[in-house]
Amino acid sequence: MTLSRKEKPDEEAPAVQLDSVALRYEQGPFILKDLNLVLPADSIRFLTGPSGAGKTSLLSLLYLAQRPSLGAVKLFGTDVTAANRGRLPAIRRKLGVIFQDFRLLDHLSTFDNVALPLRIAGIAETEIKENVTELLSWVGLEDLMETRPAVLSGGQKQRVAIARAVVNRPQLILADEPTGNVDDEIGMRLMQLFIELNRLGACIIIATHNEHLVSRFDFPRLSLADGCLEEQA
Amino acid sequence: MTLSRKEKPDEEAPAVQLDSVALRYEQGPFILKDLNLVLPADSIRFLTGPSGAGKTSLLSLLYLAQRPSLGAVKLFGTDVTAANRGRLPAIRRKLGVIFQDFRLLDHLSTFDNVALPLRIAGIAETEIKENVTELLSWVGLEDLMETRPAVLSGGQKQRVAIARAVVNRPQLILADEPTGNVDDEIGMRLMQLFIELNRLGACIIIATHNEHLVSRFDFPRLSLADGCLEEQA
Amino acid sequence: MIDLRSELPLGGDSATAYIPWLVAIMVFLGTLAVSGVNTFDSILQGWSRSMTGTLTVQIPSAASETSLSETTAQIERVVRALNATQIVDSVTVLSKSELNNLLAPWLGDDIGDSDIPLPTLIDVTLTDEAPQTVEKLRTAIAEVVPNAVVDDHRRWFGHLIELTEGFRLLALCVACVVAIALALTVVYATRASLAEFKDIIAVFHFIGAQDMYVATQFAKRTFLAAFKGSIGGFASGTVTLLLIRWLAQNVESGFLPDVSLGLSFWLTLPFIGILAALLAMVTAYITVLGTLRTMM
Amino acid sequence: MIDLRSELPLGGDSATAYIPWLVAIMVFLGTLAVSGVNTFDSILQGWSRSMTGTLTVQIPSAASETSLSETTAQIERVVRALNATQIVDSVTVLSKSELNNLLAPWLGDDIGDSDIPLPTLIDVTLTDEAPQTVEKLRTAIAEVVPNAVVDDHRRWFGHLIELTEGFRLLALCVACVVAIALALTVVYATRASLAEFKDIIAVFHFIGAQDMYVATQFAKRTFLAAFKGSIGGFASGTVTLLLIRWLAQNVESGFLPDVSLGLSFWLTLPFIGILAALLAMVTAYITVLGTLRTMM
Ligand SMILES: Nc1ncnc2c1ncn2[C@@H]1O[C@H](COP(=O)(O)OP(=O)(O)OP(=O)(O)O)[C@@H](O)[C@H]1O
Ligand SMILES: Nc1ncnc2c1ncn2[C@@H]1O[C@H](COP(=O)(O)OP(=O)(O)OP(=O)(O)O)[C@@H](O)[C@H]1O
Ligand SMILES: [Mg+2]
Ligand SMILES: [Mg+2]
């Protein structure tokens, strides 16, 4: 596995497919009800909805944190709901996730946090150094490579999280509120990064509250309300 | 100490006064350089600046997380830089802080998180119940009072953090990116809460990246850039 | 008032959850070690009572019938000499049957019926246990009956006493090691759980809680956790001791002194646990205050 | 390859930092307990060798001069009868001076000069140690010299043996308790540190790490932590044992058997620590895999 241009995912298989997906936590109410969705490999979408609508919950189904209560989730044509546990790591390596609460590893430096997915994938250290350095420069953190996340500002943490999510050139990027803690200038820069990755073939879903951001780009919007998903062009 | 209208702070003493304040972390560069500021008790301000400019650092001086490297910080006329450690808890109880990363206590329910400042202040349990319930309804979390923060959505956590900060009717409210994770509707509601508290006499500082929000309200703006503070009407 | 149970997440998956276990183990081992020390002490005391406080005087029997009165006179002279020293508590001349019992292992049960002329044994209890005393008596007796032999029993029990003293020392070492380990463990566990709760303490701090308030909460919780462990350690230790006691009852007889542990020992036992819990509490209190002092 | 040292924050202020300490303490106590078991074993074996393998036959002396030849004949008959049983290794008739030494504590040093007619003692070494053997010999001797007494020494050492067996059992109990405590502690510490690292493990998991990869990392780190503790416990345990041995050298003499621990014991000692470390490793591995299995 190298960092050079990935083999394009099977054009036939959509990156994301939801078949009658529903989700509830334990015996609680259904947060998501009967979602149906097909996203081609090169699509980019905003995911909007009021606080507590279930955006993070929907993304968590896609980054394989949990199984849906009902229905099936398919990624790149594989039904991950039914798939053998052993096959999931390979699928996870095709994903890039930006968590709403970052989930950086506090004991690792900025550089090591970003390098982690490459190291897990067994990439050579020289290649890692090159890629990570370049990416951190892009998000404006070249001076903070040896810093631990604990002393970073909110926006800096968010950028580290984004860098970690995209360093592996994933085929599906799931971003949860990726610009909530950065100013508009950096926000634009990060959006450009996403658009660039989308051009290279990645499917991207960006959950956000930022109406400003949504209105500035004319990506189709997935709107969550009352547990139902609505697709808007 | 009761939750009824507080004695108005001494009109003579400004809520916040910075005299030539500078801050650096250990032997690093100066994040804040020679800040001078006087905020009267009933003022409300936005604090803006690019990511990493030092907004959170400035607030941390005000919520007494650290002392400035140079200069003096005065709250309600007391020089907290020079004050005896034993006097600080009393000053802290006049503050309400909304942390950028929330800092909720994961082992306590939403209700208990919000009730904490009242309990520390020794308020009667019946009074606590009344106030906390009312406040949680205001921020739209009346159904999640017994929930632990870990299972709340990002926006829900943020609202719990805000409720905890204001439940004690503080005289100085320091809000770090308080609307970063909520949608516009809830954002407006929270801003109204701040405005209401300001009318009741609290001094309020809101650090934010949200230009949209800043432009919608005509509060004066404190702008941080290159370690210097600029006041704009 | 604040509900102590809900303020700090002590317990659960935190380092503090160890404290009961660690304290229980340490108190258990400490109980065993201390009771080992006590047992060996009691054995040694028993022996020392039955030995240093007593001695035996042997007067060889004369070979012929005629000297029987001579022997009686010798016995009388010795008893008189003993009483004259003022340091003798009681003097008992052993009867023939007592003597037979004593010698039976060596000379056979039916020795009493034989014509073997046995020596006369006089058991002496002293009021003073100093070694010089024995020498004084030896001299006094040598003056009246030169061929009498004074035996202070040391010779027989000497090695056994030394061995037992060795075991006592070993038990004492173990008790000390356990105490040190307990102290270290508690200090360490408290520090680790503090590090774990650093963020929570910071929140309390920022909200305006007094240092003492936070420290007291920690101390209380740590005390309760340690106390819980102490009870476990105390209970299991006591049960084990009772079990061993039960096993030992078959052994305790014959020439071994009574090694059962006294009431005062059993009453001391709970204090090992209480001490451990108090140690934990004080450590927690001091450590929290120290941590808070580093904050503004 | 991934740098193991930087992947997981094991150590520092985490629960895993306990493991070395706990393992060290447990290995230390375990070493003492096991050596206690071995020491008591060795004492018991020594005694059993020196006792169950031997016995003493007493032939009461005749009162008159004339029966001296009769006694000699009796001795000869006994020796012949003993040799005829085929289970006797050696037969030694004690000389008068040996007998004097034996009886001196009871009858005085100068007994040999007196006219007391002493019994004859015959020391017998057996090739077979079964209890029935003694009975067989007893019968054989009773046939030839009815008034001879066979003493198999049990009577004297019986209580001491029972007591020592009690101590041996106690040491065994302590060893078991320590082993259980160690296992519990390691399981507990591993679980707690897993709980602490739950978020980190989740991140590894989401990034696409294999379960085995995470489990192996944990197992390695836990093994190293436990091994470090083992070395500490082994070292301090060994030093303590050597110290006790040094103290005990003054005691080991006279009627006590040689209780020095054999080479094989010293060679076994390190395995207590290695076992503890392996236990910790396997526990960590299994626990991590179990935790990961609960994730999707
Ligand atoms: N692990 C969980 N257990 C129980 N309830 C949960 C859990 N996670 C989320 N929820 C609940 O599910 C609902 C949806 O949460 P989710 O985090 O998906 O919302 P969201 O759309 O991401 O909101 P936000 O914009 O505020 O981040 C919320 O009411 C939340 O309390
Ligand atoms: N404890 C610390 N130790 C060292 N450096 C720190 C520490 N806290 C913050 N910094 C550095 O100080 C600078 C300012 O950080 P601060 O968090 O104040 O920025 P901010 O304006 O709040 O940014 P954001 O909008 O992204 O939250 C950053 O470069 C950060 O890395
Ligand atoms: Mg969310
Ligand atoms: Mg900030």
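Residues numbered from 1 in each chain as written. Chains lettered and ligands numbered in written order. Predicted model: local features only at pLDDT ≥ 70, side-chain atom pairs only at ≥ 80, totals over all residues. Heavy atoms only, no water.

1. Observations regarding the coordination of the magnesium ion (ligand 3)
Residues and elements named next belong to chain A. What counts is decided by this rule: Note: metal donors comprise N, O and S atoms at 2.8 Å or less from the metal (3.2 Å for Na, K and Ca); water molecules are not included, so apparent gaps in a site are possible. By the criteria applied, helices consist of DSSP H or I runs no shorter than four residues and strands consist of E runs no shorter than two, each listed in order from the N terminus. Only protein chains enter the calculation, and the probe is 1.4 Å; a residue is then buried if its accessible area is under 20% of its type maximum, exposed if over 50%, and partly exposed in between.
The magnesium ion (ligand 3) binds to the protein through Thr56 (OG1) and Gln100 (OE1); the donor distances cover 1.9 to 2.2 Å. Of the two residues, threonine 56 is situated in helix 1 (residues 55–62) and glutamine 100 in the loop between strand 6 (95–98) and helix 3 (110–120); the sequence distance between them amounts to 44 residues. Look at threonine 56 and you get partly exposed, because its relative accessible area is 27%. For glutamine 100, a relative accessible area of 16% puts it in the buried group.

2. Brief notes about the pairing of strand 8 (residues 203–207) of chain A
Residue and element names in this part refer to chain A. Keep this limit in mind: Paired strands are those between which DSSP finds at least two bridges.
Burial of strand 8 is extensive: 5 of the 5 residues sit out of reach of the surface. Taking every second residue as pointing to the same face, both faces of strand 8 are buried, with Cys203, Ile205 and Ala207 on one and Ile204 and Ile206 on the other. The sheet contact formed by strand 3 (residues 44–48) and strand 8 spans 4 bridges and is parallel. Bridging across to strand 8, arginine 45 finds its partner in isoleucine 205. Two strands pair when backbone bridges link them, and strand 7 (residues 172–176) and strand 8 are joined in this way by 5 bridges, in the parallel orientation. Residue pairing for strand 8: leucine 172 is matched across the bridge by cysteine 203.

3. Quick word on the sheet that holds strand 4 (residues 70–75) of chain B
All names here are of chain B. Note the threshold: Two residues form a contact once any of their heavy atoms are found within 4.5 Å. Each axis is a line fitted through C-alpha atoms, and for a helix only the stretch in contact is used; angles between axes span 0 to 180 degrees, taken between their N-to-C directions.
Ordered in space as 2-1-4-5, the 4 strands form an open sheet in which the pairing is antiparallel. Each of the sheet's edge strands pairs with one partner strand only, and the pair in question is strand 2 (30–39) and strand 5 (78–79). Here 2 bridges tie strand 4 to strand 5, and the two strands are oriented antiparallel to one another. Across the sheet, leucine 75 pairs through a bridge with threonine 78, a residue of strand 5. Against the sheet, helix 1 (residues 55–62) makes contact with strand 1 (16–24), strand 2 and strand 4, and its axis sits at roughly 125° relative to strand 1, the strand it touches most.

4. Examining the interface of chain A and chain D
The following threshold applies: Accessible-area loss on putting two parts together, using a 1.4 Å probe and summing over both, is the definition of buried area adopted here. For this document, the term salt bridge refers to a Lys or Arg side-chain nitrogen within 4 Å of an Asp or Glu carboxyl oxygen. In protein, a polar contact requires one atom able to donate a hydrogen and another able to accept it; more generally it is a pair of N or O atoms within 3.5 Å, and residues adjacent in sequence count only if both atoms are side-chain atoms.
Taken together, the 22 residues of chain A in the interface contact 21 residues of chain D. When the two sides are added together, the surface that chain A and chain D hide from each other amounts to roughly 2000 Å², 65% of it contributed by carbon and sulfur. It is Arg85, Arg92 and Ile120 of chain A that lose the most area in chain A upon contact with chain D, and together they represent 31% of the buried surface on that side. If you look at where chain A meets chain D, you find 1 salt bridge. Run the count over chain A and chain D and you get 6 residue pairs in polar contact (both at pLDDT 80 or more). At the level of elements, helix 2 (88–92) and helix 3 of chain A are the ones that each hand at least two residues to the side of chain A that touches chain D.

5. Re the site of ligand 1
Selection rule: Here, proximity means that at least one heavy atom of the residue falls within 4 Å of the molecule or strand. The accessible surface values rely on the Shrake-Rupley method and a 1.4 Å probe; as for residues, cover is taken only from the protein chains in view. The classification used treats Ala, Val, Leu, Ile, Met, Phe, Trp, Tyr, Cys and Pro as nonpolar, Asp, Glu, Lys and Arg as charged, and all other residues, Gly among them, as polar.
Looking at ligand 1, there are 18 residues lining it, with Lys55, Thr56 and Ser57 of chain A together with Ser153 and Gly155 of chain B nearest. One of the side-chain nitrogen or oxygen atoms of threonine 56 of chain A is found 2.6 Å away from an oxygen atom of ligand 1. In the environment of ligand 1, an oxygen atom lies 2.5 Å from a nitrogen or oxygen atom belonging to the side chain of serine 57 of chain A. In the complex, the protein chains occlude 82% of the 630 Å² of accessible area that ligand 1 would expose alone. Elements with a contribution of two residues or more to the shell around ligand 1: helix 1 of chain A together with helix 5 (154–166) of chain B. Taken together, the residues of the shell around ligand 1 sort by class into 6 nonpolar, 11 polar and 1 charged.

6. Quick notes on the site of ligand 2
Near ligand 2, the surroundings consist of 19 residues, among which Ser153 and Gly155 of chain A together with Lys55, Thr56 and Ser57 of chain B are the closest. Contact distances for ligand 2 include 3.3 Å between an oxygen atom and a backbone N or O atom of alanine 53 of chain B. Histidine 209 of chain B places a polar side-chain atom, nitrogen or oxygen, 2.7 Å from an oxygen atom of ligand 2. Alone, ligand 2 offers 630 Å² of accessible surface; in the complex the protein occludes 83% of this. For the shell around ligand 2, the secondary-structure elements that each account for two or more residues are helix 5 (154–166) of chain A together with helix 1 of chain B.

7. Some words on the side chain of serine 57 of chain A
Residues and elements named next belong to chain A. Assignment of secondary structure puts serine 57 in helix 1. When its relative accessible area of 10% is taken as the criterion, serine 57 is described as buried. With residues near it in sequence (within four places) discarded, serine 57 still touches Leu23, Tyr25, Ile31, Leu32 and Gln66.

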